[in-house]
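# Geometric and topological summary
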Amino acid sequence: MSDPDPFARGTAFVDGAYVPIADAKISLLDWGFIRSDVTYDVVHVWRGAFFRLADHLDRFERSMAGLRMRIPYDRQAITGILRECVRRSGLANAYVAMVTTRGVPAPGMPRARPSLIENRFHAYALPWIDVIPPDVQQRGAHLIVATTPRIPADSVDPTIKNYHWGDLVRALFEAEDAGADNAVLLDRDGYVTEGPGFNIFAVHDGRVTTPDRGALEGVTRRTVIEICRQLGHPVAIGQLTADDLRAADEIFATTTAGGVMPVSRIDAAILANDRPGPISTRVKDVYWAWHDQDRFLTPVEP
Ligand code: PLP
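In this report, the structure presented in the accompanying data block is examined.

### Comments concerning the pairing of strand E11 (residues 235-238)
Where a strand is regular, its side chains alternate between the two sheet faces. Relative to E11, strand E10 (residues 207-211) runs parallel, the two being bridged by four bridges. For valine 208, the partnering residue across the bridge sits in E11 and is valine 235. The parallel pair E10 and E11 is bridged by helix H6 (residues 219-231), and the resulting crossover is right-handed.

In structure tokens:
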């Protein structure tokens, strides 16, 4: 049976046209696919408005500049495309991605000259995605510290949002094998970095810390830092080891695809009576309350 509204499952912008997500295709020869030579950003739409869109566009532009990519769309044009993807999907709550791939080398183009390849911009909106399912967030996620180290930051810059997920996917398999919900990765010196699609925070005696290395500078992370300051919780971007995590009073993860996600176990350690802790819960509540503040919102329908 044909789908009565294929756009409702998501809408993509590919090669200048809007198509149902199921019909969105890129070339097999695009270096975004065969070389992970791509950058992207993800913003969410909550109740009809983008949250902190300007911050996501800033990061996307920095990421493209870092990879020496150029596209023929300015911020206003990108915003228009993202709006149209959401509008055609008819979604009030959405996961909205903007993606720039290196592109497809023209026939005969020298293979060692990526600067000659025309870069391609794509975008799509999907129904809301939670990196950690809502029922797991409710009870507190069970994490492991993966044995797979995070790819070195001087090989792949983690502040440029990227598709080099080999280490992160290995860590997810480790978590699955251990019966856990998800994983956190250390760098090669033993310091905590981030997880597959989220930043991490630990609370010790009311002091909140998020890693200073090996991680994407998350927009949710920034929001949480601002919330902690407003709530009067001392907050630092600093060093954390696996032992620091296991000794924490509370841990939570943060991402655009889910928000503030409390953790109740890390390896064998049980935190905050095996439930989301009080600071995590408070920060999460304020995070969602800030979704009513106009200063952060860009309505899908202007
Ligand atoms: N770290 C990684 C590797 C991510 O992919 C993401 C988001 O998807 C994050 C952290 C969280 O960043 P943000 O809060 O901007 O979504």
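### A short note on the packing of helix H2 (residues 53-66) against helix H3 (residues 75-89)
Between H2 and H3, the least distance of the axes is 11 Å, while the angle of their chain directions is 120°. In terms of their interaxial angle, H2 and H3 are classed as oblique. In the crossing of H2 with H3, the sense of the turn from one axis to the other is right-handed. Facing H2, whose interface residues are Leu53, Ala54, Leu57, Asp58, Phe60 and Glu61, H3 presents Arg75, Ile78, Thr79 and Leu82. Its residues placed into classes, the contact of H2 with H3 shows six nonpolar, one polar and three charged.

### Things to note about the site of the ligand
Residues in contact with the ligand amount to 16 residues; listed here are only the nearest, Lys161, Glu194, Val219, Thr220 and Thr256. Between the ligand and threonine 220, the relevant distance is 2.5 Å, taken from an oxygen atom to a side-chain nitrogen or oxygen of the residue. Of all the secondary-structure elements, those providing two or more residues to the shell around the ligand are H6 and strand E12 (250-255). Here the residues of the shell around the ligand sort into five nonpolar, eight polar and three charged.

### A look at the packing of aromatic side chains
Evaluation of the coordinates by the stated rule reveals 14 aromatic pairs. Ring geometry for tyrosine 40 versus tyrosine 163: centroids 4.9 Å apart, planes at 55°, classification tilted. Here tyrosine 40, found in strand E3 (residues 38-46), pairs with tyrosine 163, found in the loop between strand E7 (141-145) and helix H5 (166-178); they are 123 residues apart in sequence, far enough to count as distant. Tyrosine 163 gets classed as partly exposed once you look at its relative accessible area, which sits at 33%. Here the aromatic rings of tryptophan 290 and phenylalanine 296 are separated by 5.3 Å at their centres, their planes lie at 25°, and the arrangement is stacked. An identical accessibility class is assigned to tryptophan 290 and phenylalanine 296; each is buried.

### So, the nonpolar core
Residues Phe50, Ile78, Leu82, Val96, Met98 and Phe121 are the most contacted members of the largest nonpolar core, which totals 23 residues. Among the secondary structure elements, those contributing two or more residues to this core are E3, H2, H3, strand E5 (94-101) and strand E6 (120-127). In this structure, Val184, Val192, Ala202 and Leu271 belong to the second largest nonpolar core, which totals 22 residues.

### Quick look at H5
For H5, with 13 residues, the first-to-last C-alpha span of 19 Å sits near the 18 Å given by 1.5 Å per residue. The complete set of buried residues in H5 reads Asp167, Leu168, Ala171, Glu174 and Ala175. For H5, the angular spread of the buried residues around the axis is 110°, confining them to a single face. Exposed residues on H5 whose side chains face more than 90 degrees from its buried face are Gly166, Arg170, Glu176 and Asp177. Lining the buried residues of H5 we find E7 and strand E8 (182-184). Trailing H5 by a residue or two, glycine 179 shows a phi angle of about 75°, which is positive.

Cut-offs and rules
- Residues numbered from 1 in each chain as written.
- Predicted model: local features only at pLDDT ≥ 70, side-chain atom pairs only at ≥ 80, totals over all residues.
- Heavy atoms only, no water.
- Pairing = 2+ DSSP bridges.
- Helix = DSSP H or I, 4+ residues; strand = E, 2+ residues; numbered from the N terminus.
- Right-handed = clockwise from strand over helix to strand, strands pointing away.
- Axes fitted to C-alpha atoms, helices over the stretch in contact; angles between N-to-C directions.
- Parallel < 35°, antiparallel > 145°, perpendicular 65-115°, else oblique.
- Left-handed = near helix turned anticlockwise from the far one by under 90°.
- Contact = heavy atoms within 4.5 Å.
- Nonpolar A, V, L, I, M, F, W, Y, C, P; charged D, E, K, R; others polar.
- Near = heavy atom within 4 Å.
- Polar contact = N/O pair within 3.5 Å; in protein donor to acceptor, adjacent residues only side chain to side chain.
- Phe/Tyr/Trp six-rings, centres within 6.5 Å; stacked < 30°, edge-to-face > 60°.
- Buried < 20%, exposed > 50% of the residue type's maximum accessible area, 1.4 Å probe, protein only.
- Core = buried A, V, L, I, M, F, W, Y, C linked by side-chain atoms within 4.5 Å.
- Expected span 1.5 Å × (residues − 1).
- Arc of directions from axis to C-beta.

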